[in-house]
Amino acid sequence: MADKLKLAYFLSGGCGGCDMAIVDLSETLVDVLPNLEVVFWAPTVADVKYKDLEAMPDKSIDVGLYSGMVRLGEQEHIAKVMRAKCKVLVAWGICAALGGIPGMGNMHTKEEIYKTAYFDTYSTDNPDGITPQTRCVVDGKYELTLPEFYEYVRPLNQVVDVDYYIGGCPPHHSFVGEAILAVLQGKLPPPGSWITGGKAVCDVCKRNPATQGEGREPITAVKRTIDGAPAEGKCLLQEGYLCLGPITQGDCGALCPKVNIPCRGCGGPMPGVKDFGLRAIAAIAASMENEELVDQIPSPVKLFYRYSLPASMLGRKVK
Amino acid sequence: MSDWKPNIVVFACNWCTYQGADLAGSLRYDYPSTINIIRVPCSGRVEPEFIVAALKNGADGVFVGGCHPGDCHYKEGNYKAIRRFILLKRVLTSMGIEPERVRLEWISGSEGKRFAEVMAEFDRTIKEIGPNPVGRDGNGR
Ligand code: SF4
Ligand code: SF4
Ligand code: SF4
Ligand code: FES
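Everything quoted here is computed from the prediction, not taken from an experiment. (Residues numbered from 1 in each chain as written. Chains lettered and ligands numbered in written order. Predicted model: local features only at pLDDT ≥ 70, side-chain atom pairs only at ≥ 80, totals over all residues. Heavy atoms only, no water.)

S.K.: Sorry if this is basic, but what is going on with the site of ligand 1 here?
M.R.: Residues and elements named next belong to chain A. In the vicinity of ligand 1, the residues found are Gly14, Cys15, Gly17, Cys18, Ile94, Cys95, Gly168, Cys169 and Pro170. Mapped onto the shell around ligand 1, the elements with two or more residues apiece are helix H1 (17-23) and helix H5 (94-98). Taken together, the residues of the shell around ligand 1 sort by class into six nonpolar, three polar and no charged. (Near = heavy atom within 4 Å. Helix = DSSP H or I, 4+ residues; strand = E, 2+ residues; numbered from the N terminus. Nonpolar A, V, L, I, M, F, W, Y, C, P; charged D, E, K, R; others polar.)

S.K.: Any chance you could explain the site of ligand 2 here in plain terms?
M.R.: Among the 13 residues in the neighbourhood of ligand 2, the closest are listed as Cys202, Cys205, Cys235, Leu236 and Cys243 of chain A. Taken together, the residues of the shell around ligand 2 break down into nine nonpolar, two polar and two charged.

S.K.: So what exactly am I meant to see when it comes to the sheet that holds strand S2 (residues 35-40) of chain B here?
M.R.: By way of backbone hydrogen bonds, the strands of a sheet pair with one another, either parallel or antiparallel. All names here are of chain B. Reading across from one edge, S2-S1-S3-S4 is the order of the four strands in this open sheet, with parallel pairing throughout. Each end of this open sheet is capped by a strand with a single partner; those strands are S2 and strand S4 (102-106). Across the sheet, the axes of successive neighbouring strands diverge by a mean angle of 20 degrees, strand direction being ignored. Inspection of the sheet shows strand S1 (residues 8-13) paired to S2 by six bridges, in the parallel sense. From the neighbouring strand, isoleucine 8 faces S2, where its bridge partner is isoleucine 35. The strands that helix H3 (residues 77-94) touches are strand S3 (61-66) and S4; relative to S4, the one it contacts most, it runs at about 160 degrees. (Pairing = 2+ DSSP bridges. Axes fitted to C-alpha atoms, helices over the stretch in contact; angles between N-to-C directions. Contact = heavy atoms within 4.5 Å.)

S.K.: Would you explain the environment of serine 60 of chain A in this entry?
M.R.: All names here are of chain A. Positionally, serine 60 belongs in the loop between helix H3 (50-55) and strand S3 (61-67). Distance from serine 60 to cysteine 86, taken between C-alpha atoms, is 6.3 Å for residues 26 residues apart in sequence. Residues in contact with serine 60, not counting those within four places in the same chain, are Lys6 and Lys85.

S.K.: Sorry, what's going on with the packing of aromatic side chains here?
M.R.: Aromatic rings considered in pairs are described by the distance between their centres and by the relative angle of their planes. All names here are of chain A. Evaluated as defined, the whole model comprises ten aromatic pairs over all chains. Measuring from ring centre to ring centre gives 4.6 Å for tyrosine 9 and tryptophan 41, while their planes differ by 25 degrees; the resulting arrangement is stacked. Linking tyrosine 9 in strand S1 (residues 5-11) with tryptophan 41 in strand S2 (residues 36-42), this pair joins segments that are 32 residues apart in sequence. The two residues tyrosine 9 and tryptophan 41 agree in class, both being buried. (Phe/Tyr/Trp six-rings, centres within 6.5 Å; stacked < 30°, edge-to-face > 60°. Buried < 20%, exposed > 50% of the residue type's maximum accessible area, 1.4 Å probe, protein only.)

S.K.: How should I be thinking about the interface of chain A and chain B in this particular structure?
M.R.: Bring the parts together and some accessible area is lost; that lost area is often taken as the interface size. Opposite the 33 residues of chain A that make contact, chain B presents 26 residues. Carbon and sulfur atoms make up 64% of the surface buried where chain A meets chain B, a total of about 2,700 Å² over both sides. The largest per-residue losses of area from chain A upon contact with chain B belong to Met313, Leu314 and Val318 of chain A, which jointly make up 23% of the total buried on that side. Taken together, the links from chain A to chain B amount to one salt bridge. A salt bridge links glutamate 49 of chain B to arginine 279 of chain A, with the nearest nitrogen and oxygen atoms 3.2 Å apart. The interface formed by chain A and chain B holds ten residue pairs in polar contact (both at pLDDT 80 or more) in total. Of all elements in the fold, only helix H10 (276-287), helix H11 (291-295) and helix H12 (300-304) of chain A reach the threshold of two or more residues within the side of chain A that touches chain B. Among the elements that make up the side of chain A that touches chain B, the one with the highest residue count is H10 of chain A (six residues). (Buried area = accessible area lost by both parts, 1.4 Å probe. Salt bridge = Lys/Arg side-chain N within 4 Å of Asp/Glu carboxyl O. Polar contact = N/O pair within 3.5 Å; in protein donor to acceptor, adjacent residues only side chain to side chain.)

S.K.: What's the story with the pairing of S3 of chain A in this structure? I'm lost.
M.R.: A regular strand places its side chains so that they alternate between the two faces of the sheet. Residue and element names in this part refer to chain A. With six of seven residues buried, S3 is to be regarded as a mostly interior element. Bridging between S1 and S3 involves five bridges; their strand directions are parallel. Paired with leucine 11 across the strands is serine 67, a residue of S3. Pairing geometry for S3 and strand S5 (residues 86-92), over five bridges, is parallel. Residue leucine 65 lies in a different strand from S5, and its bridge partner there is valine 90.

S.K.: Would you mind showing me how to read helix H2 (residues 48-56) of chain B here?
M.R.: Along an α-helix, residues three or four positions apart point the same way, because every turn accommodates 3.6 residues. Where H2 of chain B is concerned, the buried positions are Pro48, Glu49, Ile51, Val52, Ala54 and Leu55 of chain B. Residues of H2 of chain B that are buried sit in contact with H10 of chain A together with S1, S3, H3 and S4 of chain B.

S.K.: Mind showing me how you'd approach the packing of H2 of chain B against H3 of chain B here?
M.R.: Between two packed helices, both the angle of their axes relative to each other and the distance between the axes serve to describe the pair. Residue and element names in this part refer to chain B. Contact pair H2 / H3: the axes reach a minimum separation of 10 Å and the direction vectors enclose 40 degrees. One finds that H2 runs oblique with respect to H3. In the crossing of H2 with H3, the sense of the turn from one axis to the other is right-handed. Touching Pro48, Ile51, Val52 and Leu55 of H2 are Arg84, Phe85, Leu88 and Leu92, all from H3. Split into classes, the residues belonging to the contact of H2 with H3 amount to seven nonpolar, no polar and one charged. (Parallel < 35°, antiparallel > 145°, perpendicular 65-115°, else oblique. Left-handed = near helix turned anticlockwise from the far one by under 90°.)

This is the structure in structure tokens:
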């Protein structure tokens, strides 16, 4: 490769775990580094300022990875700048792709969130009732600004056009290596697709009854992970632990079921699924033995939409 | 709001509720003009996506009509339908949508009169609860 591939990375409304997933590549990263030039990685890795990114010519960056959801004016601004500067923009990780864990904030209004964060929490003492303002003047002369906190969480594609999506919270590092190599070698699917092996978590799960010569039976119990340890090597869903493996992309290699934890869907929906939560409702309800069991499923919105609420058809709680 | 008329979507199983609607028609039982029937091969074919898509596209009420227990042409479609429906309704309720906006009933091909009555009743319920709130705050999503 003659020219180095120019890469930009931005951590938006996320936790930094997706940054770590790249750093975790270790040897693979060392292998690809000679081919990469990181022109922007804020705020975690490189000391490059927003104004430096803004000054770069349009479409001068080969690949932009955007991690985290969009809730603040600042995040929206950088999303637009990244879109202008990058030839290919990737929603990196499930927060950017579908809203992720912070997306569950869409079950509450901005007012409710402010009330909890700035008034009701045990450690808060706010007698003057101060909440964040986008502008304030200190000592009559210093103007300070804060980015606007929007009403709702949005995934990246509700702000700008997105070329590719990668699921996972964070994407699994072995898969990150493959994805980065695919980008480097230009071996990418049609724009708008998810970068995925296309297998469901169940397909790569050792607990799958099909791999043990057994069929699936109707589910006869609803269990939570606190209800004792599941049987060794047996399908969690079959035992009543609400595992979302059947409808989730399995690029993690069925990480959670390996350690007795049901899949919660962080890999994102299988290709062709428009609304992860609704598909999960259909799959789980259909596999239950009776209606009473369906009623026992705890907190269904936060179970089925744990990673995807802002990208769902309804998107948020209706006022 | 006085001239507001609800828009009601009815997913009717071809083997029962749809025939019931047909019978209601040939026996000249009136049912409200707010009812828009979509014929489906079985109540089990009605995915949660269909119901939410209807709500999102402006339906004020969504009704699913299937065969009585034991009568489903495909044996278990209606059992599957009701389990999904119960779970979807719980989710919709948590998401701020009135549970009365969605309803599932078993109506057979011979129950023309009952079809008309249930439709009239559902229409009244939707008129009482008013327009669908999805998109009410104008963000248009
Ligand atoms: S997807 Fe998960 S790991 Fe990545 S930023 Fe969001 S919360 Fe963090
Ligand atoms: S449902 Fe869960 S535990 Fe069962 S096979 Fe699928 S991923 Fe594995
Ligand atoms: S098993 Fe499911 S929740 Fe766990 S890492 Fe894989 S996709 Fe995410
Ligand atoms: S055929 Fe009527 S509900 Fe299945």
